Amino acid sequence: MTHLLILSLLFASAGTVQASPPNQITVDAEQVIGQINPNIYGHFIEHIGRCIYEGVWTDNPEVPSVYGGIRKDVVELVKQIKPPIIRYPGGCFSDTYHWLDGIGPRKSRPEKENLAWKAFGPEIGPVDNNHFGTDEFIQFVCLVGAEPYLNVNFGSGTPEEAAAWVAYCNAAKDNNTVIGMDEEGFDWQTAGFWAKKRTENGHPEPYGVKYWGIGNEIYGFWETGFTQPEKYAEGFKKFHLLMKKVDPTIKLIAVGAPSNYAKWNPRVLRFAGEYMDYLSIHLYVPALEYAIKMTNSEEHYYSVVAAPLVVEKELLQVGSVIKEWQESLEEKHEILIAFDEWNVHWAHKQFREWNYSLRDGLFVAGVLNLLQRLAISNRVGMANLAQLINVIGAIITSETDAYGSPLWLVFKLYRDQAGELLVKSATTSEKFECEKLGNIPEMEEVPCLDCSATLDKAKKKLNLIVINRHFSAALPTQIYIKNFLVKEGEIYELNGPSPASVNDFENKEVVKIAKKDISISGSQFVYTFPAHSVTALVFATENTIRE
Ligand code: AHR
C-alpha cells in the first residue's frame, strides 16, 4: 500500500486557523546554477516495429509526404517539440545495418531481413525495403530542425565501413583521405569517392554530421557483436582512428553500460577513454527483463512516477565512474554522458507501438527535471527518449493520421516553456512511498512535488515547471519568489481525467495542455497543483533581475 507520510495537521483538522500549506517552493532568481545543454531534450528513431515505416516514412502515395515518403503530419508534430538532436538507425538495429543498402535510387535498394528484430516476428522486425536511409534521415532532421546523430555498425561492420559513412556524410569531393580495404577485401576507396556518391544522389553539400556512436549495448548477450570491455575498447580505437582520419571534428560516443554491468565502464574507460567524447548509457524502467504485468493500479502508478529517482542514481553513478577515471589521468580529458535511450518499458509488444498514459508522461517530466540539473552538475551532455514514433513512442500514427501521447505533450511543455538557465529552487512537500516494481526498488519518502525553475537568457521570464505526483489530491503550495519582480503570469497545465488517461485517434486531447488565467503579482502566493499534473507557471517581469 502507498501511504502519504506527511499530512499537515493544519490542513487535516477542520477549523484551525489557516497558515502556510505544508508544501513550499522557494525560488531565487538571482542564483543561476548554469546553462542547460539543450541536447538533453533529444530523441531516437530505429528500424523496428512501426517506428520508421508507417511512422516517419510512408510508401503510400495517398498519404501526404515530402522527399518521396517522409510523412507531413509526423513532421508537423515532431517540429512542435523542437528536437535538438535525433539518433538513428538504432539501437540494436545499428549493429546489423549496412548503410550502403540505404542510399541511391530507392527502386534499386535491396530488401533485407531485419536481423536485429526478426526473431520477435514480422510485427516487430519486418523485412526492410531500405527506402528510408541516410539521405532520408538527413532530410527528416532538417525538416524538423534537429541535429543528426548516427550510430555505426560495430557488431557486424568494420572501421572502414564506418569511416566511409562519415565520408559520405561529411567529406568534400577533394578529400583524398584513403579509407582502404576492409578485412573482407572490400575496397572502401577514399573519402572524396563517397562525397561524389552523395553528390550523385542529389546532395553536393556535406551534411556535417557531428555525433557518431560506435556500436550499441555491445555488453549484452542479445547484441550482434556482444563482447568483453577490453575487446570493445580495442575495436573502438580502430573505429576512432579511421573515422577521425576522414573528419577530425566529429564527436564519438562509446558504449557504456548500466551499473548492473559494474566492470564494463571502468574497463572501457581504462583502455579507450582518451578516444571518446561521450559514454552512452541506456535505462528503461521497470525494464523488460522483469516480465512485469503492468496495471493502472495506484501501486504501479507510484512506482513509475517515483522512478526518476532510479534514473538519477544511475546517472550519478556513471558520472562518478568517469570522474574517478579522470582523476587517474595525467592530462585532462573531458567525457560527457550520452543518456541516449530511456523510457518506461515493460513488454515486448511495445516494440511495435505503444500508447502511453498520463502516468508515463509524469515519469518523463520527472526525468527532464533531473536532466536539467544533471546537465550542469553531472556531465550529462545528451539524452534521447527511446523512441520518438510508435515504438515505445511519443507520437502515435495510423496509416493516415497521427497524434501526440502524454510523452509528446511533456516535451512540448518543456520545449515551449522551460528557460535556458537553471535557477536555484527548494521544494518541500508531502511524501509517498512506493513498492518494488522490476528495477524500481521500494522507496520511502518520495516527494509528491518536483520543481524545475529556469530563466530565459534575457532573464525576463521565470518559469517553474512543477510535477504533482499525488495520485488523487491537489496540493496547495506556498510559493516564494526572490529577486524577480513578477508583473504578469501565465499557466499551462498538462493533465487528464486520471493517471491512466490516454489520447487516441477519436480524442487526441483527453490528456492535454490547457492555458489558464492567473492574476499574480508580488513574490508570495499559494497555488494549488492538481493531482497527477505537470504545471508550467511562467512569470514575466518588466525589469531584469534586481541588481
Ligand atoms: O529502444 C529499443 C531497443 O532497446 C534498442 O534497440 C536497444 O538499444 C534497447 O535495448
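For the structure itself, look to the data block above.
So, here is what we can say about the structure in this document. Note that residues are indexed from 1 along each chain, following the sequence as it is written. The model is predicted, so local features are restricted to residues of pLDDT at least 70 and side-chain atom pairs to those at 80 or more, both for listing and for counting; the totals for chains, interfaces and linings are taken over all residues. Working from all heavy atoms in the structure, the side-chain values ignore hydrogens and water.

## Here's the deal with the site of the ligand
Then, in step 1: Not every one of the 13 residues close to the ligand is listed here, only the nearest: E46, C92, E217, Y284 and E341.
Then, in step 2: Note that an oxygen atom of the ligand is positioned 2.9 Å from one of the backbone N or O atoms of C92.
Then, in step 3: Polar contacts, as used here, are pairs of N or O atoms within 3.5 Å; protein pairs need one atom able to donate a hydrogen and one able to accept it. Residues neighboring in sequence count only if both atoms are side-chain atoms. Here an oxygen atom of the ligand and a side-chain polar atom of Q387 are 3.0 Å apart.
Then, in step 4: Starting from 290 Å² of accessible surface for the ligand in isolation, the protein chains cover 93%.
Then, in step 5: A molecule is said to occupy a pocket when more than half its atoms come within 2 Å of that pocket's grid points, and by this definition the ligand occupies the largest pocket.
Then, in step 6: Residues of the shell around the ligand, tallied by class, amount to six nonpolar, four polar and three charged. Think of it this way: one heavy atom of a residue within 4 Å of a molecule or strand is enough to make that residue near it. Where accessible areas are quoted, they stem from the Shrake-Rupley method and a 1.4 Å probe; at the residue level, only the protein chains shown are allowed to cover. Within this scheme a cavity is a closed region of a 1 Å grid, computed over the protein atoms alone, that accommodates a 1.4 Å probe without allowing it to escape, whereas a pocket is open but has protein on both sides within 12 Å along at least five of seven lines; lining residues each have an atom within 4 Å of a point. Pocket or cavity membership: a molecule qualifies when more than half of its atoms sit within 2 Å of the grid points of that site. Amino acid classes used here: Ala, Val, Leu, Ile, Met, Phe, Trp, Tyr, Cys and Pro are nonpolar; Asp, Glu, Lys and Arg are charged; the rest, including Gly, are polar.

## Here's the deal with unusual backbone geometry
Then, in step 1: Residue P286 is reached from V285 by a cis peptide bond, and omega for that bond is -10°.
Then, in step 2: Secondary-structure assignment places P286 in strand β9 (residues 278-286).
Then, in step 3: With omega at 0°, the peptide bond leading from A386 into Q387 counts as cis.
Then, in step 4: Relative to the elements of secondary structure, Q387 occurs in the loop between β11 (380-386) and β12 (395-397).
Then, in step 5: Not every positive phi belongs to a glycine, and R379 is a case in point at roughly 60°. Elements are defined by DSSP. Helices are runs of H or I of four residues or more, strands are runs of E of two residues or more, and each kind is numbered from the N terminus.

## Digging into the pattern of salt bridges
Then, in step 1: In what follows, salt bridge is the name for a side-chain nitrogen of Lys or Arg lying within 4 Å of a carboxyl oxygen of Asp or Glu. Counting across every chain of the model gives 24 salt bridges.
Then, in step 2: Between K197 and E200 there is a salt bridge, with the nearest N and O atoms lying 3.8 Å from each other. Separated by three residues within a single helix, K197 and E200 lie in helix α5 (residues 191-200), roughly one turn from each other.
Then, in step 3: Note on classification: 1.4 Å probe, protein chains only; a residue is buried when its accessible area is under 20% of the maximum for its type, exposed when over 50%, partly exposed between these limits. On the accessibility criterion, K197 (28% relative accessible area) is partly exposed.
Then, in step 4: Taking relative accessible area as the criterion, E200 reaches 58% and is therefore assigned exposed.

## Topic: a negative patch on the surface
Then, in step 1: Patch criteria: residues need more than 30% relative accessible area and no salt bridge. Like-charged residues are merged within 9 Å; nonpolar side chains of Val, Leu, Ile, Met, Phe, Trp and Tyr are merged within 5 Å. By the counting rule applied here, Lys and Arg register as positive and Asp and Glu as negative, while His and the ends of each chain are not counted. To locate a charge, take atom NZ for lysine, CZ for arginine, CG for aspartate or CD for glutamate. Taken together, the side chains of E435, E442, E444 and E445 present a region of like negative charge at the surface.
Then, in step 2: With relative accessibility at 57%, the residue E444 sits in the exposed group.

## Section: the sheet that holds strand β8 (residues 251-255)
Then, in step 1: The strand order around the closed barrel built from eight strands is β2-β5-β6-β7-β8-β9-β10-β11, with neighbouring strands paired in parallel fashion. Taking the axes of each pair of neighbouring strands and ignoring which way they run, one obtains an average angle of 30° across the sheet.
Then, in step 2: A pair of strands is considered paired only if DSSP assigns at least 2 bridges between the two. Two strands pair when backbone bridges link them, and strand β2 (residues 42-44) and strand β5 (residues 85-88) are joined in this way by two bridges, in the parallel orientation. Each bridged residue has a counterpart across the sheet, and for F44 the counterpart in β5 is R87. Note on method: axes are straight lines fitted to C-alpha atoms, helices fitted across the in-contact stretch only, with angles between N-to-C directions ranging 0 to 180 degrees.

## Describing helix α4 (residues 159-170)
Then, in step 1: Take the residue count of a helix, subtract one, and multiply by 1.5 Å to get its expected span. Between its first and last C-alpha atoms α4 spans 16 Å; for 12 residues at 1.5 Å apiece the expected length is 16 Å, and the two agree.
Then, in step 2: With 12 of 12 residues buried, α4 lies mostly within the body of the structure.
Then, in step 3: Among the residues making up α4, those that are buried are P159, E160, E161, A162, A163, A164, W165, V166, A167, Y168, C169 and N170.

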